[in-house]
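Spelled out, the chains give:
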Amino acid sequence: MEYKIPRGTFDILPADSAKWQQVMSAFRETAQAFGYAEITTPVFEQAELFERSSGESSDVVQKEMYRFQDRKGRWLALRPEGTAPVVRSYVENHLEAQGRLTKLYYIGPMFRYDRPQAGRYRQFYQYGAECIGSHHPYYDAEIIALQVAFLRKLGLQKIELEINSVGCPNCSKIYDEALENYFEPHKEELCGDCRTRLQTKPRRLLDCKVPSCKAIAKGAPVMTDYLDSDCREHFEQVKSYLDKMDISYKVNPRIVRGLDYYTHTAFEFLNPALGAQNAIGGGGRYDGLIAQIGGKDTPAVGIAGGFERLLLSLEQEGITVSRPYRPQAYLVLLGEAARESGIRLLGQLRLSGFSVQHDPEKDSFKAQLKAADSSQARFALIIGEDEVKAGTVTIKDLAAGTQMSLPIGGVAQFLALS
Ligand code: HAM
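The rules behind each value
Residues numbered from 1 in each chain as written. Predicted model: local features only at pLDDT ≥ 70, side-chain atom pairs only at ≥ 80, totals over all residues. Heavy atoms only, no water. Near = heavy atom within 4 Å. Polar contact = N/O pair within 3.5 Å; in protein donor to acceptor, adjacent residues only side chain to side chain. Areas by Shrake-Rupley, 256 points an atom, 1.4 Å probe, with all protein chains shown as cover. Helix = DSSP H or I, 4+ residues; strand = E, 2+ residues; numbered from the N terminus. Domains from an automatic or database assignment. Axes fitted to C-alpha atoms, helices over the stretch in contact; angles between N-to-C directions. Parallel < 35°, antiparallel > 145°, perpendicular 65-115°, else oblique. Contact = heavy atoms within 4.5 Å. Nonpolar A, V, L, I, M, F, W, Y, C, P; charged D, E, K, R; others polar. Pairing = 2+ DSSP bridges. Left-handed = near helix turned anticlockwise from the far one by under 90°. Phe/Tyr/Trp six-rings, centres within 6.5 Å; stacked < 30°, edge-to-face > 60°. Buried < 20%, exposed > 50% of the residue type's maximum accessible area, 1.4 Å probe, protein only. Lys NZ or Arg CZ within 6 Å of the ring centre and 35° of its normal. Patch = residues over 30% accessible without salt bridge, like charges linked within 9 Å, V, L, I, M, F, W, Y side chains within 5 Å. Salt bridge = Lys/Arg side-chain N within 4 Å of Asp/Glu carboxyl O. Arc of directions from axis to C-beta.

1. Observations concerning the site of the ligand
Contacts to the ligand come from 26 residues, most closely from Glu81, Thr83, Tyr121, Glu130 and Tyr262. Within the side chain of Arg112, an N or O atom sits 2.9 Å from an oxygen atom of the ligand. Residue Ala279 places a main-chain N or O atom 2.9 Å away from an oxygen atom belonging to the ligand. Protein chains shield 95% of the accessible area of the ligand, which is 660 Å² for the free molecule. Contributing elements (two or more residues each) for the shell around the ligand: strand S6 (123-132), strand S10 (279-285) and strand S11 (300-306).

Here's what the structure looks like:
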């Protein structure tokens, strides 16, 4: 039996790990600098949490959720996204009691049963940030700024930001009616999915990729024409904060997010060079979600992005982020007596936190020095018969080719200072 990795998933192999670590650390540093604290929730939750929050008619719930029953018959789901779990935890743990505003970030795998392709996986890694507790438009801009700062920290330059307002539930309702009226006469020309969407969530018609539906959607009314004065003012304020923060954006009134919980601001970060899966991040305001899942009526705004698409973008812009792991030293031992004192030294150095490598199965000087070179260690610590007699270690700088002798007791201090 030959086992294969499940379709749409991938291993992060040792050669790539440093790159992943680096990008994840960069996100952690940025989020912390913006005052966000880390939260980690389980990878599975009650299925209903997602069904209610993402929307029963959303693709995520209809087609993409990994839903299963446990041994007691409870319906669970592998999380397709991170916002609903964070909000569940916020409500369940009464995080609101800790202050007016709760700023949280997370990193972790998400699961969506979608058709795999470049940049789209069934298990993928997201980073996200949620600012819970304020309706102030400043925070819509802050959450966007967090993502911009993260992208800048990585050196990415070709990512574009598109923003929209989907208004409050009242404006949304009027807009959906306008869309229904617009699409109804074209019903027969729409694809099967869109005919259903017309009944459930007409807005999703705007997102259809079928060319004939796309052509009809071109002339559809736009959301921004249906905003009431409060919603319009909120959107104007968000844009004005972005202007002040020197963040460039394009207003795209056709942005439809795949999840149902959005109100007011909705945005996407796009990398046009990535082709079909060009969204590297997205988010928006979700003022109704917390009350919807059982908390007090609390406004919030957030963002999430995909690490895979971020790494693809880095590759395309020719940016290398990984600092390959290099041990400080490689221990070369020649003869039985050297092994005695050498292994003792190895133990001491490692327990003191130095990274030293050694291979007891390599005997000859040549083989050990070759291994030292390929380990990319900075120094070879060499102990042979002469060194044992003198109580010393020969330290060879592998890049410079120079060497020196030190008493065995001085090696730790030498490594600490170099
Ligand atoms: P989302 O737009 O569904 O939003 O996902 C955010 C990002 O996750 C996408 O822009 C994309 O980079 C990445 N992504 C999504 N699906 C896949 C996939 N199958 N393979 C690889 N990458 C993928 C959310 O998840 C919301 N929770 C964002 C949010 C936070 N809204 C408010 N707060």
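2. Points about the domain arrangement of the chain
You can read the domains of the chain as domain 1 (14-168 + 228-316) and domain 2 (329-417). Between the C-alpha centres of domain 1 and domain 2 there is a distance of 49 Å.

3. Quick notes on the packing of helix H1 (residues 14-33) against helix H11 (residues 307-316)
Helix packing for two helices is described by the angle between their axes and how far apart those axes are. Interaxial distance between H1 and H11 falls to 11 Å at its minimum, and their mutual angle equals 105°. Looking at the two axes, H1 sits roughly perpendicular to H11. In contact with Lys19, Trp20, Val23 and Met24 of H1, H11 contributes Phe307, Glu308, Leu310, Leu311, Leu314 and Glu315. Considered class by class, the residues forming the contact of H1 with H11 number seven nonpolar, no polar and three charged.

4. A look at the sheet that holds strand S15 (residues 392-397)
An order of S13-S12-S14-S15-S16 is seen for the five strands of this open sheet, with the pairing classed as mixed. Of all the strands in the sheet, just strand S13 (356-357) and strand S16 (403-407) have a single pairing partner and so form its edges. Direction of pairing for strand S12 (residues 329-333) relative to S13: parallel, over a ladder of two bridges. By the bridge assignment for S13, Ala329 is matched with Val356.

5. Re the packing of helix H5 (residues 137-154) against helix H9 (residues 229-244)
It is the contact of H5 with H9, at a shortest axis distance of 8 Å, that shows an interaxial angle of 45°. The angle between the axes of H5 and H9 places the two elements in the oblique class. The crossing of H5 and H9 is right-handed. Across the interface between the two elements, Pro137, Tyr138, Asp140, Ala141 and Ile144 of H5 pack against His234, Gln237, Val238, Tyr241 and Leu242 of H9.

6. Observations regarding the packing of aromatic side chains
Per the stated rule, a full pass over the model turns up 20 aromatic pairs. Residues Tyr138 and Tyr139 carry aromatic rings whose centres are separated by 4.9 Å and whose planes lie at 80° to one another, so their mutual orientation is edge-to-face. Of the residues examined, Tyr138 reaches a relative accessible area of 28% and is grouped as partly exposed. A cation sits over an aromatic face here: Arg122 above Tyr113, 3.9 Å from the ring centre. One cation-aromatic arrangement involves Lys244 over Tyr241; the distance from NZ or CZ to the ring centre is 5.1 Å.

7. A few points about a nonpolar patch on the surface
Taken together, the side chains of Val43, Phe44 and Phe68 make up a nonpolar region of the molecular surface, amounting to roughly 230 Å² of accessible area. Positionally, Phe68 belongs in strand S3 (residues 67-69). The class of Phe68 is partly exposed, set by a relative accessible area of 31%.

8. Overview of helix H13 (residues 365-374)
Taken as a whole, H13 has its buried residues at Gln368, Leu369, Ala371 and Ala372. For H13, the buried positions fall inside an angular range of 155° around the axis, keeping them on one side. Turned more than 90 degrees off the buried face of H13, the exposed positions are Lys366, Lys370 and Ser374. Here the buried face of H13 lies against S12, strand S14 (379-383) and S15. Phi turns positive, to about 65°, at Gln376, one or two residues after H13.

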